[in-house]
Amino acid sequence: MSEENNFRFLKACRGEPVDATPVWFMRQAGRYMKAYRDLKEKHTFLEMCKTPELATEVTLQPVNALNIDAAIIFADILLPLEPMGTGLEFIVGDGPSIPRPVRDAKAVENLRPVNAEEQLGFVGDAIRMVRKEISGKVPLIGFAGAPFTLSSYMVEGGKSREFKITKMMMFETPETWALLMDKVCATLIDYLKMQVKAGAQALQIFDSWVGCLSPHDYTKYVLPYTKRVIDGLKECGVPVINFSTGTSTMLPTVAQAGGDVISFDWRISLDDAWKQIGYDQPIQGNLDPVLLFAPLPVIKERVHEIMRQADGRPGHIFNLGHGILQHTPVDHVKAVCDMVHEYNHA
Ligand code: CP3
């Protein structure tokens, strides 16, 4: 166990010096990989999430194909919605769809409390299986959606551009919003604790869409809940990564919600972001995922620019600012791992 604590990814989460900058990618398992597409021919996405043997296989695909410093369990932030009672479907080509969206007080009151061990136990089983396979190789990250991003799917019923229905719940019926967030927080804390108990060695909280809010609304309607989840995980003793996108104009506020590591996107330079957050705070980021489609010399220039800005300070985890996109060339992803590991700060 003490040896596992020495993985460079976990050291960087704690702000300790490392032999080389750790790198992993959000959505490192997925459709850009042939092995994933082959498996997807035989199973639906939800089947893959709910069958621990399949989830384990997919989790290991990028570990075997790339020189990454962490695995992330194959699952989805929306899985807790099923036991909460809204339903959950993935429509091919159109992303997630929630059949019974939660749009008023009655619907929020009717949401069911979740027992993660019983109702999402397949995620715990997959975590246990993956840990057996990668023990001594790389650490395993567990994850969940942040309260805002998860709630926005429940309210909107799927993906959204304006988040108008979600925002109107905040503005028109703040007590209904507060009750929804209370319930979502309770589910998330229980779910993430279950993942750590099963063997997750770090956790990432995905607030993918929170950048749609003004700093005022983030502070009033979201920050206290994200903070509640992160505070609630302290007793687990594993590092928590506070991830969001579109938040470069309010990073110090986002950091107030907590997290051992703050993850930000490419809309701000790494240097600017780290200065604002404070150099004693470990960070994760921040290559534009679209750059992975660029010619290798261009990628190298931009990877080196990020590394130069990080300047060899302890506490930098290299990642994209958001997930790997479909059709991304696998050899470019692999090349980025090497560029990061081989970069010499001297
Ligand atoms: O990072 C990993 O490798 C672990 C797996 C993972 C998935 N989803 C697999 C997945 C993780 C960490 C997620 C998180 C997730 N899911 C987020 C937060 C991260 C982000 O990208 O912002 C969100 C918003 C979701 C919800 C979700 N799941 C969407 C919007 C979609 C559709 C995406 C699309 O382009 O169609 C999914 C499906 C999904 N989740 C896929 C994968 C590999 C694609 C499913 C398929 O094979 O068709």
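Peer 1: Honestly, the packing of aromatic side chains in this entry has me stumped. Any pointers?
Peer 2: In total, this model carries nine aromatic pairs according to the counting rule given. Where Phe206 meets Phe243, the ring centres are 5.2 Å apart and the plane angle is 65 degrees; that geometry is what we call edge-to-face. Here Phe206, found in strand β5 (residues 202–207), pairs with Phe243, found in strand β6 (residues 240–244); they are 37 residues apart in sequence, far enough to count as distant. Relative accessible area serves as the criterion here: at 0%, Phe243 is assigned to the buried category. Put simply, the rings of Tyr36, Phe45, Phe74 and Phe90 touch in pairs and so form one group of aromatic residues. Over the ring of Tyr279 we find Arg313; its NZ or CZ atom is 3.9 Å from the centre of that ring.

Peer 1: In this structure, what is going on with a nonpolar patch on the surface? I would like to understand it.
Peer 2: A cluster of nonpolar side chains, namely Val290, Phe293 and Leu325, defines an oily patch on the protein surface of about 240 Å² accessible area. Relative to the helices and strands, Leu325 resides in the loop between β9 (316–320) and α17 (330–342).

Peer 1: Quick question: what am I supposed to make of the layout of surface pockets here?
Peer 2: The probe, sized like a water molecule, is rolled over the atoms to show the empty space still left. Here the largest pocket defines a volume of roughly 1,500 Å³. Forming the boundary of the largest pocket are 43 residues, of which Arg27, Arg31, Phe45, Asp76 and Phe90 lie nearest the centre. Looking at the lining of the largest pocket, its residues break down into 25 nonpolar, 10 polar and eight charged. Here the second largest pocket is characterised by a volume of approximately 240 Å³. Along the walls of the second largest pocket sit 14 residues, with Gln201, Gly237, Val238, Pro239 and Asp260 positioned nearest its centre. Partitioned by chemical class, the residues of the lining of the second largest pocket number eight nonpolar, three polar and three charged.

What counts and how
Residues numbered from 1 in each chain as written. Predicted model: local features only at pLDDT ≥ 70, side-chain atom pairs only at ≥ 80, totals over all residues. Heavy atoms only, no water. Phe/Tyr/Trp six-rings, centres within 6.5 Å; stacked < 30°, edge-to-face > 60°. Helix = DSSP H or I, 4+ residues; strand = E, 2+ residues; numbered from the N terminus. Buried < 20%, exposed > 50% of the residue type's maximum accessible area, 1.4 Å probe, protein only. Lys NZ or Arg CZ within 6 Å of the ring centre and 35° of its normal. Patch = residues over 30% accessible without salt bridge, like charges linked within 9 Å, V, L, I, M, F, W, Y side chains within 5 Å. Areas by Shrake-Rupley, 256 points an atom, 1.4 Å probe, with all protein chains shown as cover. Salt bridge = Lys/Arg side-chain N within 4 Å of Asp/Glu carboxyl O. 1 Å grid on protein atoms, 1.4 Å probe; cavity = no way out; pocket = protein on both sides within 12 Å on 5 of 7 lines; lining within 4 Å. Points joined across faces, edges and corners; volume = space filled by probe spheres on them. Nonpolar A, V, L, I, M, F, W, Y, C, P; charged D, E, K, R; others polar.

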